[in-house]
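Here is what each chain is made of, one letter per residue.
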Amino acid sequence: MEISRHRDSFSPEQMQLFVAGLSGLATDEVRKAKTLYIRNAIAEYRAMEETLRAFGCAQIVFALIPVFWPILYLQRRTMNAGRELMKQRIRNALDVWKDDLAGESFDFPMY
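Worth saying up front: this structure is predicted, and the values here are computed from it rather than measured.

## Digging into the nonpolar core
Of all hydrophobic cores here, the largest spans 21 residues; its most connected members are F10, I38, I90, L94 and W97. Contributing elements (two or more residues each) for this core: α2 (12-21), α3 (27-63) and α4 (69-96). With 8 residues, α3 is the largest single contributor of residues to this core.

Here it is in C-alpha cells:
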C-alpha cells in the first residue's frame, strides 16, 4: 500500500531533509514549498482513504464467510492504524509549521 511511502515522507529524517533543502530560499518561497508539501500530503491521505474504502467493499464478500472474520478484523485494525498515523503526521507538520504557514487554511480536520 501507499502508506509506507507516505509514512517515510513524514519521518523526522525526511522532514529534516525537506527543510534543509529549503535553506537559502526566500521566506515566501519556503512558505509556498511547505504549503505545497502539506497540500500534497492531504491529497495522498484522501487518495488512501478512497483506496481503503474500495478495499472495504471487497471485504464484504469475505465477511459472509465466518472463517474470514478474524482476518478481516486484523485487516481493519491495520487499515485504521495506517489512517490514523497519516492523519497524526499531517497534524504534527501543521503544528510544527504553524508560524510559517500563518494565514494558510487547509481542508483537513485538526482534531
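## Remarks on the environment of E104
Tracing the backbone shows E104 in the segment after α4. Classification of E104 by relative accessible area gives partly exposed; the value is 29%. E104 sits 74 residues away from V30 along the chain, and the two C-alpha atoms are 13 Å apart. E104 has contacts with R31, T35 and R39, leaving out every residue within four places of it along the chain. Side-chain polar atoms of E104 contact the side chain of R39, separated by 3.0 Å.

Criteria and thresholds
Residues numbered from 1 in each chain as written. Predicted model: local features only at pLDDT ≥ 70, side-chain atom pairs only at ≥ 80, totals over all residues. Heavy atoms only, no water. Core = buried A, V, L, I, M, F, W, Y, C linked by side-chain atoms within 4.5 Å. Buried < 20%, exposed > 50% of the residue type's maximum accessible area, 1.4 Å probe, protein only. Helix = DSSP H or I, 4+ residues; strand = E, 2+ residues; numbered from the N terminus. Contact = heavy atoms within 4.5 Å. Polar contact = N/O pair within 3.5 Å; in protein donor to acceptor, adjacent residues only side chain to side chain.

The values are spatial; any link to function lies outside them.
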